[in-house]
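So the chains spell out like this:
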Amino acid sequence: MHELTIAELVQGLADKKFSSVELTQHYISRINQLDKKYNSFITVNEDEALNQAKQADQLRANGQANQFAGIPVAHKDIFCTKGIKTTCGSKMLANFVAPYESTVTEKFSQANFITLGKTNMDEFAMGSSNETSHFGSVCNPWDTKRVPGGSSGGSAAAVAAQLTPAATGTDTGGSIRQPAALCGITGIKPTYGRVSRWGMIAFASSLDQAGPMTRTAEDAALLLNVMSGFDCKDSTCVDQPVPDYTESLNQPLTGLRIGLPKEYFSAGIDSNVSKAIHAALDVYRQLGATIKEVSLPHTALSLPAYYVIAPAEASSNLSRFDGVRYGYRCETPENLEDLYKRSRGEGFGAEVKRRILVGTYALSAGYYDAYYIKAQKIRRLVKQDFTDVFNEVDVIMSPTAPTTAFNLGEKMDDPVAMYASDINTIAVNLAGLPAMSIPAGLVDGLPVGLQMIGNYFAEAKLLQVAHQFQQATDWHRQRPTALD
Amino acid sequence: MQWEAVIGLEVHVQLATKSKIFSGASTAFGAEPNTQACAVDLGLPGVLPVLNAEVVRMAVMFGLGIHAHINQTNIFARKNYFYPDLPKGYQTSQMDLPIVGKGYVDIPLDNGEMKRIGVTRAHLEEDAGKSLHEDFHGMTGIDLNRAGTPLLEIVSEPELCSAKEAVAYLKYIHGLIRYLGISDGNMAQGSMRCDANVSIRPKGETTLGTRAEIKNVNSFRFIEKAINFEIERQIDVLEAGGKVVQETRLYDSERDETRSMRGKEEANDYRYFPCPDLLPVVISDEDLRAIKEALPELPEQKRQRFMDKFKLSEYDATILTEERETAEYFEQVASQCGDAKLAANWMMGEIAARLNKNNLEITESPVPADRLAKLLSRLKDQTINGKGAKTAFEALWEGADDVDAVIEAKGLKQVTDTHAIAAIIDDIIAKHPEQVEQYKAADDAKRKKMIGFFVGQVMKASKGSANPGQVNQLLQQKLS
C-alpha cells in the first residue's frame, strides 16, 4: 500500500480494496518501525489518526465520502493544528498546542484527509539541511549519513521513505523544492498568495508560501486543488479562481518554450548534476519543446537581497516569542529584561539567533536605507528579470540545487556555504513566482532535482510540464535502495 | 528674560468601531480582562491581521474635517519594541505615507481672535494592552482587551504658544471627532489621550529649544496644568544656567508636576519597516467622494452658519459650535425663543457656569433646551424680567419642569400695570424729596446717573416684579 500514489489510493479506497483504517494503520506502523532511522516526524498522531480513519470509513460506508476521505497525509510542524503540538522545530514552542487551526490543515480536514502527524523541520524554517531542528537532524532516506535538505526536510524524507503518501511543506527560499530535490520527490511552491498563510507560523511573511510534497506531479495537482484558494483571514492571499489543476495534466507539450537561465548553470553547479539536468532537457525536446538560453541578470544579487529581507522580516515576526504568553520561559527570571533575554537566549537555536541579529541590524536606524531599502530595490529588479524572460518562454528550467544531498554536519559551521545551496531557488521567492522540483536523475545513487519556474498563477502549466515528464520517465518511481 | 513656549501635541483618538483594527474581537470598554482578545490580539504564532475597513473611512472623515491631504495610497508599518502588553513585539502603525497628510484647524483664543494651527499628519495604529501591577502579589498581570483597538494619532505642528492654546486646540479636536461620530472622545476611559512636546525659547528667537515630551495626560485640566508646570520648570532650568535635556516626562496629577521617565539615550530604535502582512491601503476616488458627501455639518460650517443666521460674533459662534451637543442645544433654544443673542448670552453665561460648576455635559443639563427656550420667551414677552428669569432658572435647575408654574408659584410675573407702578413711584417720590430736588436741579448727564437710584427704590418696593424699562420711563415722566 505504501507504494501507491494518492491518485491510486483514491481509487483503492473507492474500490474498497482496503479501508482507511487499514491504510492509516499501515502507515502508522511504518512510522513506528522505520522513523527511528530518519527522524522525519516530531509528533505522530496515532490515536487521533485512527479515529479519523474510522470516521472516513463510516462516511464511505454511508456513501457520504468525498474524493479524499480517508487518505493519510503529514503536515510540516509549522502549521498550527488545534489539539496537536505545533513546535516549528524549536525549543521555544516544544510544548505549544495551538488553540486554533491553520487554513491549510483545515482544508485537509474538511476534505477528510487523515493527519498522520507533524513532520520535522529546520527551526522556524531557517535552514537548508534540517539540521537546525531542536528535535534533531533528519536523515536522507537515500543515504542516512546525508541531509534531506530543508527546511521541509521532515516532509521530504517522510514521503521519500514512504512513511506518508504526501506531506505539506512551506517554501521561503527553496524550503519545498530543495528538500524535494535532495530526497527525490515532487514539490511545488505556488505563486505567493495562492495558498493562505493563516496559521502557518511566519518566517518571512512576504516570501513564505505553502505547497504539497508528493511522489508525482499528479498527486501535487490533486493536493494543490485542496490547498489553494482565497482566504479572508490572510490579506496577502489573492482572490482569484482556482482551476482544477488535474485538468490540463495530459495535454502534450508540443511547442512548449523552455528557457535556461545561464546564471543558473554557472560555477558551483556540480558537473554531474548539470549532466543529469541536460539529459532531462533532452526528454523535453523529444516531447516537442524548444529550448533556448535566457538571462536573469540580477541573479547574483538575489542571494544577498534575500539574506537581508528574510531576516529583517523574521527579526520582527519572531519578536512575539518573548516568554510572556506562551512557549518557552526561562527558569526564575529576576526581572522583565532577564525574562526576555534568557527566554529568547535559551529558547532559540544558533541559526535563528543569527538571522534575528542580521535582520535587526538591517532594520536599524542608519542602516535601513543601505540594506533593507536597497534589498527591496534589488527585489524589484529580480522580478523584472523574470517578467522579461516570460515574454520569450513558457517555463524556466534549472537544477533545483547545485549538488545532490551533502553530508550531515558538512556545512553547519559555514553558514555562507549553506546559504549558497539555495542559490537557484531564492530568486523565485523574491519574485513571488510558482516553481516546482521533480526528480530528474540520479548521481552516485542520489537524486537530482529539476527545477521549473512558471509565470504568476501558472501552476497548472508547471504541473502539466512535470506530469508529461513523469509519463515519459520513471525517475519519480525510483526509491532509495536502503528502504525497509 | 522674556520666554515663549512652543508646544506641539500628539493626540491619540480611539475610533468608535465595533471591532478591532486588525481582528474581529469587540472593542467594548470595561469587560473582564482578556475576554475580548482573540488569537490575533494575543499575537499567537501564525495569526495574520486583516484591516477593518471602517477605520479607513473614519480616518478619511477626520482628514476631510481638517482640510487635509488624504494619501489615497497609504502604508502600515511595524514599530518594533518589546513590552509585555505588546503581544507581537511590534505595534502596527503608519510611518511613511500615513492616511492623513497636512491639514489645519482654526481655534478661538481668549482675546476673541482666531488662530490657525497646522496638523502635520494623522495616522492609524493599534493600541497596546494594559499592564496591571496591583493584585498580583508583586507580579504583573496583562490585560489584552485593549490590544488592537483602533487609534488615530493626530500630530500638530509646534505652533501652540501656551497651555491655554493647547487646550483650545484639544477642545476643537475633541469637538470635531464627536461631530464626525468617529470617537466618543471619552478622556476618562482613554478614548482620547494626549502627549505634549514642550520647549521654550527667548521671545523673538526663531530656532526651537530642546523639547521634553509629556506622556499620556488625560483631561483638559491636567494638560493645562502639566504644560504650565513644564514651561515653568524649563524656565527655571535655563535661568539657573542649566540645559533642558531631551527626554520623556510623566505628569503626576496628584503632585501637579512632571517627572523624568526616560532620556533620549534610552529611546528605542523602533526599526520601522512596511508590514509584510498587510497590503498598501488604496482609497479610490469614488470612495473618497462618497465619504465626503456623507460628512455631517462640521464645526466650522456650523460656526459660519451661526454667524450668518444668528448674527453671532466669530468667537461666540466658535464657542457655541465646539461641541455638537452644545450647538444643537443652542440652536433649539435660539429658534424656539426667537432671540439668538439672548440665547447665546444665556448659553455662555448661566448655562456654562452651572455646567462647569457641577462638572456636567450639556446633555446632562437638568434644564433641557425647550424649557430654557420657554423661559427666555417669557423674558422676551416681558412676563418676567431679568432678575425673575434668573430666579426661575434656579428652580428649573433644581428640577422644576413647568416654566409658567414656577413663575406663578414664585410670584415672578412683572407688574406691567401702569397704575400700580405709578402708585409705587408716587410713593417713592414722596419719600425722597431731597433727591427729587437734586434731580430736578441737575443737567441731563447727571440725571441719567441719578435716575438709577429711583429705579432701584421702585424695584425694591415692588419686590423686583416691576418691569425696569417701564419704571424708568414712568419715572422720567413724573420727575420732569
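Residues numbered from 1 in each chain as written. Chains lettered and ligands numbered in written order. Predicted model: local features only at pLDDT ≥ 70, side-chain atom pairs only at ≥ 80, totals over all residues. Heavy atoms only, no water.

K.L.:
Is there a simple way to explain the overall build of chain A in this structure?
P.N.:
Of regular secondary structure, chain A possesses 15 helices and 11 strands. A compact globule built from 484 residues would reach a C-alpha radius of gyration of about 23 Å, and chain A, at 21 Å, matches this within 12%. Dimensions along the principal axes, computed over C-alpha positions, put chain A at roughly 65 × 55 × 45 Å. Looking at chain A as a whole, 65% of its 484 residues are labelled buried. Across chain A, contacts joining residues at least 24 apart in sequence account for 76% of those joining residues at least 6 apart. (Helix = DSSP H or I, 4+ residues; strand = E, 2+ residues; numbered from the N terminus. Rg over C-alpha atoms; globule rule 2.2 N^0.38 Å. Buried < 20%, exposed > 50% of the residue type's maximum accessible area, 1.4 Å probe, protein only. Contact = heavy atoms within 4.5 Å.)

K.L.:
In this structure, what is going on with the overall build of chain B? I would like to understand it.
P.N.:
The helix and strand tally for chain B stands at 15 helices and 15 strands. Relative to its length of 480 residues, chain B is extended, with a C-alpha radius of gyration of 29 Å against a globular reference of 23 Å. When the backbone C-alpha atoms are referred to their principal axes, chain B occupies close to 95 × 55 × 55 Å. The buried share of chain B, taken over its 480 residues, is 52%. The long-range share in chain B, meaning contacts at least 24 apart out of those at least 6 apart in sequence, stands at 69%. Accessible area for chain B stands at about 22500 Å²; split by element, carbon and sulfur atoms hold 49% of it. When the 58 positive and 71 negative side-chain charges of chain B are each reduced to one mean point, those points stand 4 Å apart. (Areas by Shrake-Rupley, 256 points an atom, 1.4 Å probe, with all protein chains shown as cover. Lys, Arg positive; Asp, Glu negative; His and termini not counted. Charge placed at Lys NZ, Arg CZ, Asp CG, Glu CD.)

K.L.:
Any chance you could explain the UniProt feature "active site" (unreviewed entry) in chain A here in plain terms?
P.N.:
Residues and elements named next belong to chain A. When the UniProt feature table is mapped onto this chain numbering, "active site" (unreviewed entry) sits at K76, S151 and S175. Across 100 residues in sequence, these annotated residues keep their C-alpha atoms within 11.1 Å of one another, forming a single compact spot. Among the structural elements, K76 can be located in strand β2 (residues 72-76). Setting aside its immediate chain neighbours within four residues, K76 contacts K118, T119, M121, A125, S151, S152, S155, T168, G169, T170 and S175. Setting aside anything within four residues of it in sequence, one finds S151 in contact with K76, N120, M121, D122, A125, M126, G127, N130, T170 and S175. (UniProt positions renumbered as here; feature names shortened; annotations may be inferred.)

K.L.:
Can you help me understand a nonpolar patch on the surface in this one?
P.N.:
Where nonpolar side chains cluster on the molecular surface, the patch consists of Y361, Y367 and Y371 of chain A and spans about 290 Å² of accessible area. Relative to the assigned elements, Y361 of chain A resides in helix α11 (residues 350-363). (Patch = residues over 30% accessible without salt bridge, like charges linked within 9 Å, V, L, I, M, F, W, Y side chains within 5 Å. Salt bridge = Lys/Arg side-chain N within 4 Å of Asp/Glu carboxyl O.)

K.L.:
Where do I start with the nonpolar core in this structure?
P.N.:
Nonpolar side chains tend toward joint burial in soluble globular proteins. Of all hydrophobic cores here, the largest spans 145 residues; its most connected members are F124, Y284, F386, M397 and M452 of chain A. Filtering out sequence-adjacent residues up to four positions away, M397 of chain A remains in contact with I258, G259, L260, P261, F265, L281, Y284, L450, Q451, M452 and V465 of chain A. Formed by 68 residues, the second largest nonpolar core is a distinct cluster that contains M61, Y172, I223 and C275 of chain B. (Core = buried A, V, L, I, M, F, W, Y, C linked by side-chain atoms within 4.5 Å.)

K.L.:
It is not clear to me how the sheet that holds strand β6 (residues 114-126) of chain B should be interpreted in this structure. Could you clarify?
P.N.:
To summarise the sheet geometry, strands pair through backbone hydrogen bonds and adopt either a parallel or an antiparallel arrangement. Residues and elements named next belong to chain B. Strand order in the open sheet formed by 8 strands is β5-β6-β9-β1-β10-β11-β12-β13, with mixed pairing between adjacent strands. Bordering the open sheet on either side are β5 (103-108) and β13 (257-263), each of which pairs with just one other strand. Put simply, the sheet's adjacent strands are angled 30° from each other on average, direction ignored. Where β5 lies against β6, 6 bridges are found, and the strand directions are antiparallel. Paired with D106 across the strands is R116, a residue of β6. Packing against the sheet, helix α2 (residues 163-180) makes contact with β1 (3-14), β5, β6, β9 (150-156) and β10 (192-202), and its axis sits at approximately 115° to β5. (Pairing = 2+ DSSP bridges. Axes fitted to C-alpha atoms, helices over the stretch in contact; angles between N-to-C directions.)

K.L.:
Is there a simple way to think about the UniProt feature "domain: Amidase" (unreviewed entry) in chain A in this case?
P.N.:
UniProt feature "domain: Amidase" (unreviewed entry): in the numbering of this structure it lies at residues 22-463 of chain A. In residues 22-463 of chain A, the share of helix is 38% and the share of strand is 14%. The end C-alpha atoms are 30 Å apart.

K.L.:
Would you take a moment to explain the interface of chain A and chain B for this structure?
P.N.:
Accessible area lost during the coming together of the parts is what is often quoted as the interface size. Contact with chain A, which involves 38 residues of that partner, is made by 30 residues of chain B. Together, the buried faces of chain A and chain B total about 2700 Å²; carbon and sulfur atoms form 59% of this surface. Salt-bridge contacts for R197 of chain A lead to D277 of chain B; the nearest nitrogen and oxygen are separated by 3.0 Å. Where chain A touches chain B, the interface holds 18 residue pairs in polar contact (both at pLDDT 80 or more). For the side of chain A that touches chain B, the element with the highest residue contribution is helix α9 (residues 299-317) of chain A, accounting for 5 residues. Here the side of chain A that touches chain B is built from residues that sort into 20 nonpolar, 11 polar and 7 charged. (Buried area = accessible area lost by both parts, 1.4 Å probe. Polar contact = N/O pair within 3.5 Å; in protein donor to acceptor, adjacent residues only side chain to side chain. Nonpolar A, V, L, I, M, F, W, Y, C, P; charged D, E, K, R; others polar.)

K.L.:
Can you help me understand helix α15 (residues 459-472) of chain A in this one?
P.N.:
Because an α-helix packs 3.6 residues into every turn, residues spaced three or four apart end up facing the same way. Residues and elements named next belong to chain A. Along its 14 residues, α15 runs 20 Å from first to last C-alpha, staying within 8% of the 20 Å computed at 1.5 Å per residue. Across the 14 residues of α15, 11 count as buried, placing the element largely inside the fold. When we look at burial in α15, the residues that qualify are E459, A460, L462, L463, Q464, V465, A466, H467, Q468, F469 and Q470. Residues of α15 that are buried in the fold lie against β5 (186-189), α7 (217-227), α8 (271-286), β9 (395-399), β10 (435-443) and β11 (446-454). (Expected span 1.5 Å × (residues − 1).)

K.L.:
How should I be thinking about the environment of V403 of chain B in this particular structure?
P.N.:
Residue and element names in this part refer to chain B. Topologically, V403 is positioned in helix α11 (residues 403-409). On the accessibility criterion, V403 (2% relative accessible area) is buried. C-alpha separation for the pair V403 and A122, spaced 281 residues apart in sequence, amounts to 48 Å. Excluding anything up to four places from it in sequence, V403 contacts R371, K374, L375, R378 and L396.

K.L.:
I tried to follow the side chain of N52 of chain B on my own but got confused; where do I start?
P.N.:
Residues and elements named next belong to chain B. With respect to the secondary-structure elements, N52 resides in the loop between β1 and α1 (53-65). When its relative accessible area of 14% is taken as the criterion, N52 is described as buried. In this structure the side chain of N52 is engaged in a polar contact, spanning 3.2 Å, whose partner is the backbone oxygen of K20. A polar atom in the side chain of N52 sits 3.0 Å from the backbone nitrogen of E54. Each residue touching N52, except ones within four places of it in the same chain, is listed here: T17, S19, K20 and I21.

K.L.:
What am I meant to see in the domain arrangement of chain B here?
P.N.:
Domains assigned within chain B are domain 1 (3-290), domain 2 (297-409) and domain 3 (418-479). With centres defined by C-alpha atoms, the gap from domain 2 of chain B to domain 3 of chain B works out at 32 Å. (Domains from an automatic or database assignment.)

K.L.:
Would you mind going over the pattern of salt bridges with me for this structure?
P.N.:
Oppositely charged side chains may form a pair once their charged atoms are brought near each other. Residues and elements named next belong to chain B. As enumerated under the stated definition, the model contains 48 salt bridges over all chains in all. With its nearest N and O atoms 3.3 Å apart, the salt bridge here joins E230 to R249. Of this pair, E230 sits in helix α3 (residues 220-239) while R249 sits in strand β12 (residues 247-252); the two residues are 19 residues apart in sequence, bridging distant segments of the chain. Here R259 makes a salt bridge to D252, at a shortest N to O gap of 2.9 Å. On the basis of relative accessible area, R259 is assigned to the partly exposed category, the value being 36%. For D252, a relative accessible area of 17% gives the class buried. Among the charged side chains, a salt-bridge network with shared partners connects E297, K302, R305, K309 and E331.

K.L.:
I'm lost on the side chain of S248 of chain A in this one. Help?
P.N.:
One can find S248 of chain A in the loop between α7 and β7 (257-261). By relative accessible area, S248 of chain A is classed as buried at 14%.

K.L.:
Would you mind showing me how to read the UniProt feature "domain: Asn/Gln amidotransferase" (unreviewed entry) in chain B here?
P.N.:
Listed under "domain: Asn/Gln amidotransferase" (unreviewed entry) in the UniProt record, and renumbered for this structure, are residues 328-479 of chain B. Measuring from the first to the last C-alpha atom of residues 328-479 of chain B gives 48 Å, for a span that is 74% helix and 0% strand.

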